[in-house]
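# Chain and residue survey
In case you want the letters, here they are:
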Amino acid sequence: MSQDITLAQFRRWLSLFAEQVQEQVDLLTELDAAIGDADHGANMQRGMRKVQERLQDPTATGGDIGSLFRSIAMTLISTVGGAAGPLFGAFFLRAAKDVDGTDAVSLEQLAAMFRSGLEGVQQRGKAQIEEKTMIDALQPAVEALEAAVAEGLDAAAALDRALEAARRGMLHTAELQASKGRASYLGPRSIGHQDPGATSAFYLIQSAAAALGRQAQAEES
Amino acid sequence: MQKIINNPADAALESLQGFEFAFRRLLRVSYNPNFVWRRDAPVAGKVSIISGSGSGHEPLNIGYVGPGMLDAACPGAVFTSPTPDQYLAAIRAIYGGAGALFVVKNFGGGVLNTEVALELAREEGYNVASVLIHDDVSIDQSDNRRGMGAAILVEKIAGAAAEAGRPLDEVVTLAQRTSSQARSMAVALSSCTSPYVGHPTFNLPSDQMEVGVGIHGEPGRYRTALVSANQIVDILMEPIVRDLALQADERVLVLVSGLGGTPRQELFIVFRHIYDLLQQRSIIVERQLVGNYITSLDMAGCMVTLLRLDPELTSLWDAPVHTPALHW
Ligand SMILES: Nc1ncnc2c1ncn2[C@@H]1O[C@H](COP(=O)(O)OP(=O)(O)OP(=O)(O)O)[C@@H](O)[C@H]1O
Ligand SMILES: [Mg+2]
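Since the structure is predicted, the reported quantities are computational estimates derived from the model, not experimental observations. Here the residue numbering is sequential within each chain, running from 1 through the sequence in written order. Naming scheme: in the order in which they are written, chains are lettered from A and ligands are numbered from 1. Thresholds applied to this predicted model are a pLDDT of at least 70 for local features of residues and 80 or more for the giving and counting of side-chain atom pairs; totals over whole chains, interfaces and linings are not thresholded and use all residues. For side-chain calculations, the full set of non-hydrogen atoms in the structure is used, while hydrogens and water are omitted.

Numbered from the N terminus, helices here are DSSP runs of H or I no shorter than four residues, and strands are runs of E no shorter than two. Position of alanine 22 of chain B among the secondary structure elements: in helix H1 (residues 11-22). Here the alpha-carbon distance between alanine 22 of chain B and isoleucine 232 of chain B, two residues 210 residues apart in the chain, equals 36 Å.

So, in structure tokens, the structure goes:
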């Protein structure tokens, strides 16, 4: 099926995610300095460097999407630290569960993977929407992706919808008072600042749109 | 940034290496993943006590490793909770066969990482339990309170109980009792500079202070005018005493810790007024620690922790301890 999203595209996604986070380290640090402890940039940078190293070595990341995700999850869990390490780790660990031994997935399967990933983050962190966390970028993106799939959109269009929803969710965190994570200690003083974790979750979706959507479009035409 | 460092990214690691050299007779340090462990571990038949925290809070937690206190401590990157693989490597090294207690400070990252570590340790067949430290009264909701100075008191008391050969369930109960009877609050007179960031986390004019800060350089609950030492103590003590519902004739342990940038001279001025206040209320200061025990890099300010004592907790507090930071 020409619509299928391939293992190579997933690898490209992770590598783009790592690049984008590293380009934005200073922004992530600044956002976390305002309402957290200023370590989110350094945490993500440390993890993303290791992800890039892992991606250089195809034997270390396995020959199917499930093994790739599991290996990335373990890398994030053991190098990022902080809250973001176990949470992004939970995303990939959960998203891996239905795609063992698979080297290509349909758009429907991709949406299911994102849903599972989101559930993984929520089970680990117990945060709901509107608590000013990465959930505020992830959940709208997953819902938009599912809706787009139901409408019958192609991968590029569906992932663009997810991207726009993630962007809105990320920007919306600035209006919220945090009730989960380190920013919650600030009480009302957390209002007016964008959440750092929601920002890195936005890069996760942005890189997915670039790597998983565009390529599929190119293959079709 | 005015820091005695070689390279910002190496600060935590190079400090750990220096610590290893300084205390080589007392402890061992393993790298990749990083953890500090007592020299004679594993101690067969003894409950193991494990803790962890970001770097930058020294002597917490690596300075509390040794007989009578922690079997192992995992240091993370600056202000960042350690990762599950560190805890797992530590437990494999020090497990004495009688179960292990993880002392967990209530911070999002700290809790999430130890949850993963506990799951992995259980999968490997270790008998593990945890106690949550959440003593920061500046936060109203008790379950969202940050873990602060009570961590040291719980580690000391649980460590003494383990050393005395008490079984895991008793050590857990004692740790929980200690945690539930301790309250803290801290004030900052300056921000602090993480080597990764290079500038202070927030800007604080010299005539202002941040009340209700944590230990990660984050701003506090509110900002107000800097007042005298006695007035600062009043601000910190009022919610602590109220929340503990301390009554006349009760006995307490008082911990006054500098946050890294405040001289001990000032800490004793703080303790002086705490002592006076408690005396006025006929509350007995049974034990105290005044110094730098839990810090936030170079932050100026202090933390006050009170623990309600009973005879059992007092005798466990008095039991011998041999660590870099506490020894008697
Ligand atoms: N329970 C949670 N659920 C979902 N996301 C969360 C949760 N707690 C924190 N986060 C996200 O994690 C981000 C902060 O990650 P970071 O790596 O800075 O960890 P941290 O909170 O500083 O950890 P630590 O306490 O170990 O220093 C927040 O901006 C938020 O988006
Ligand atoms: Mg942070």
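Turning next to the packing of helix H5 (residues 168-180) of chain B against helix H8 (residues 311-318) of chain B. Residues and elements named next belong to chain B. What counts as an axis is a line fitted to C-alpha atoms, over the stretch in contact for a helix, and the angles between N-to-C directions run from 0 to 180 degrees. For the pair H5 and H8, interaxial distance at closest approach is 11 Å and the crossing angle is 100°. Judged on the interaxial angle alone, H8 and H5 are roughly perpendicular. For the pair H5 and H8, contact is made by Leu174, Arg177 and Thr178 and by Glu312, Leu313 and Leu316, respectively. If an angle is under 35 degrees, it is roughly parallel; if it is over 145, roughly antiparallel; if it lies from 65 to 115, roughly perpendicular; otherwise it is oblique. Contacts are residue-level and defined by heavy atoms, with any inter-residue pair within 4.5 Å sufficient.

In this analysis, rings of Phe, Tyr and Trp, with Trp reduced to its six-membered ring, are considered paired at centre separations within 6.5 Å, and the interplanar angle assigns stacked below 30 degrees, edge-to-face beyond 60, and tilted for intermediate values. Applying the stated criterion across every chain yields a total of 17 aromatic pairs over all chains. With centroids separated by 6.3 Å and ring planes inclined at 85°, the aromatic side chains of tyrosine 185 of chain A and phenylalanine 107 of chain B adopt a geometry described as edge-to-face. Highlighted residues: tyrosine 185 of chain A in the loop between helix H9 (155-172) and helix H10 (196-220) and phenylalanine 107 of chain B in the loop between strand E5 (100-105) and helix H3 (108-123), drawn from two different chains. Exposed residues in this analysis have more than 50% of their type's maximum accessible area, buried residues have under 20%, and partly exposed residues fall in between, with area computed by a 1.4 Å probe over protein chains only. We classify tyrosine 185 of chain A as buried; its relative accessible area is 4%. Each member of the aromatic cluster is reached from another via a ring pair, and the members are Phe10, Trp13, Phe69, Phe91, Phe92 and Phe114 of chain A. Two limits define a charge over a ring: the Lys NZ or Arg CZ must be within 6 Å of the ring centre, and within 35 degrees of the ring normal. Against the face of tryptophan 37 of chain B rests arginine 28 of chain B, its NZ or CZ located 3.9 Å from the ring centre.

How big an interface is tends to be reported as the loss of accessible area on association of its parts. Residues and elements named next belong to chain B. Along its sequence, chain B is organised into domain 1 (10-180) and domain 2 (182-316). Those domain boundaries reflect an automatic or database domain assignment. Domain 1 and domain 2 are separated by 23 Å when their C-alpha centres are compared. If you look at the interface, domain 1 gives 33 residues, while domain 2 gives 35 residues. By buried area we mean the combined loss of accessible area, with a 1.4 Å probe, across both parts when two parts are placed together. Both sides together, the interface formed by domain 1 and domain 2 hides about 3000 Å², and carbon and sulfur atoms give 63% of it. Should a side-chain nitrogen of Lys or Arg be within 4 Å of a carboxyl oxygen of Asp or Glu, the pair is scored as a salt bridge. At the boundary of domain 1 with domain 2, the tally comes to five salt bridges.

It is worth spelling out the coordination of the magnesium ion (ligand 2) at this point. Residues and elements named next belong to chain A. Here the magnesium ion (ligand 2) is held by the protein donor atoms Asp32 (OD), Asp37 (OD) and Asp39 (OD), which lie 2.0 to 2.3 Å from it. Coordination of the magnesium ion (ligand 2) draws on donor residues from a single chain, spaced D-x4-D-x1-D in sequence. The class for aspartate 37 is buried, based on a relative accessible area of 5%. The donor set comprises N, O and S atoms within 2.8 Å of the metal, extended to 3.2 Å for Na, K and Ca; water molecules are omitted, so apparent gaps in a site may simply reflect that omission.

Taken together, the contact pairs 31 residues of chain B with 27 residues of chain A. Summed over both sides, the interface between chain B and chain A buries roughly 2300 Å², with carbon and sulfur atoms accounting for 54% of that surface. Per-residue buried area on chain B facing chain A is highest for Thr80, Leu112 and Arg221 of chain B; these three make up 21% of the total on that side. At the boundary of chain B with chain A, the tally comes to four salt bridges. Taking the shortest distance from any N to any O, the salt bridge between arginine 182 of chain A and glutamate 218 of chain B comes out at 3.2 Å. Here a polar contact is taken to be a pair of N or O atoms separated by no more than 3.5 Å, where protein atoms must pair a possible hydrogen donor with a possible acceptor and residues adjacent in sequence count only if both atoms sit in side chains. One can count 14 residue pairs in polar contact (both at pLDDT 80 or more) joining chain B with chain A. For the side of chain B that touches chain A, the secondary-structure elements that each account for two or more residues are strand E4 (72-78), helix H2 (84-94), H3 and strand E9 (222-225) of chain B. The greatest single-element share of the side of chain B that touches chain A, amounting to seven residues, is contributed by H3 of chain B.

Bringing helix H6 (residues 229-244) of chain B into the picture now. Residue and element names in this part refer to chain B. Between its terminal C-alpha atoms H6 stretches 22 Å, which fits the 22 Å expected from 16 residues at 1.5 Å a residue. Values of bend correspond, residue by residue, to the angle between axes fitted over the seven residues ending at that residue and the seven starting there. Of all the bends found along H6, the most pronounced is centred on methionine 237 and spans about 30°, while proline 239, a proline, follows it within four residues. What H6 keeps buried is the set Ile232, Val233, Leu236, Met237, Pro239, Ile240, Val241 and Leu244. Of the surrounding elements, those touching the buried residues of H6 are strand E7 (182-188), strand E8 (208-211), helix H7 (264-280) and strand E12 (301-309). At the C-terminal side of H6, alanine 245 shows a positive phi close to 50°. A helix is expected to span 1.5 Å for every residue after the first.

Moving on, we get to the sheet that holds strand E10 (residues 251-258) of chain B. Residues and elements named next belong to chain B. Being paired, for any two strands, means DSSP has found at least two bridges between them. Spatial strand order, E9-E8-E7-E12-E10-E11: six strands in an open sheet with mixed pairing. The outermost strands of the open sheet, each flanked by one partner alone, are E9 and strand E11 (284-291). Taking the axes of each pair of neighbouring strands and ignoring which way they run, one obtains an average angle of 20° across the sheet. Note: E7 against E12, seven bridges, orientation antiparallel. Bridge pairing links arginine 183 to leucine 306 in E12.

Moving on to the pattern of salt bridges. Two side chains with opposite charge may pair up if their charged atoms get near one another. Throughout the structure, instances matching the rule amount to 29 salt bridges over all chains. Of the charged contacts, one joins arginine 115 of chain A and glutamate 146 of chain A as a salt bridge, the two residues approaching to 2.8 Å between their closest N and O atoms. Pair noted here: arginine 115 of chain A is in helix H7 (residues 107-125) and glutamate 146 of chain A is in helix H8 (residues 135-151), with a separation of 31 residues, a long-range link. The closest approach of N and O atoms between glutamate 312 of chain B and arginine 166 of chain B, which form a salt bridge, is 2.8 Å. Of the two residues, glutamate 312 of chain B is situated in helix H8 and arginine 166 of chain B in the loop between helix H4 (150-163) and H5; the sequence distance between them amounts to 146 residues. Residue glutamate 312 of chain B is classed as partly exposed on the basis of its relative accessible area, which comes to 28%. Members of the salt-bridge network, linked through shared partners, are Asp37 and Arg182 of chain A together with Asp136, Arg146 and Glu218 of chain B.

Quick look at the sheet that holds E5 of chain B now. Residue and element names in this part refer to chain B. In space, the six strands of this open sheet follow the order E1-E2-E4-E3-E5-E6, with mixed pairing throughout. Bordering the open sheet on either side are strand E1 (27-30) and strand E6 (128-133), each of which pairs with just one other strand. Averaged over all neighbouring strand pairs, the angle between strand axes comes to 20°, with direction disregarded. When strand E2 (residues 35-38) meets E4, the two strands line up antiparallel, connected through two bridges. In the sheet register, tryptophan 37 faces E4, and the bridge partner there is alanine 72.

It is worth spelling out the site of ligand 1 at this point. One heavy atom within 4 Å of a molecule or strand is enough for the residue carrying it to be called near that molecule or strand. Near ligand 1 there are 25 residues, and of these Asp37, Gly125, Arg182 and Asp195 of chain A together with Ser81 of chain B occur at the shortest range. Each of chains A and B places residues next to ligand 1. Contact between ligand 1 and arginine 182 of chain A: an oxygen atom at 2.5 Å from a side-chain N or O atom of the residue. Between serine 81 of chain B and ligand 1, the recorded distance is 2.5 Å, taken from a side-chain N or O atom to an oxygen atom. Shrake-Rupley sampling with a 1.4 Å probe provides the accessible areas, and residues are treated as covered by the protein chains on show and by no other component. Its free accessible area being 640 Å², ligand 1 has 96% of it covered by the protein chains. Looking at the shell around ligand 1, the elements with two or more residues in it are helix H3 (40-56), helix H6 (84-95) and H10 of chain A together with H3 of chain B. Ranked by residue count, the leading element in the shell around ligand 1 is H10 of chain A, at three residues. In this classification, the charged set is Asp, Glu, Lys and Arg, the nonpolar set is Ala, Val, Leu, Ile, Met, Phe, Trp, Tyr, Cys and Pro, and all remaining amino acids, among them Gly, are polar. Considered class by class, the residues forming the shell around ligand 1 number nine nonpolar, ten polar and six charged.

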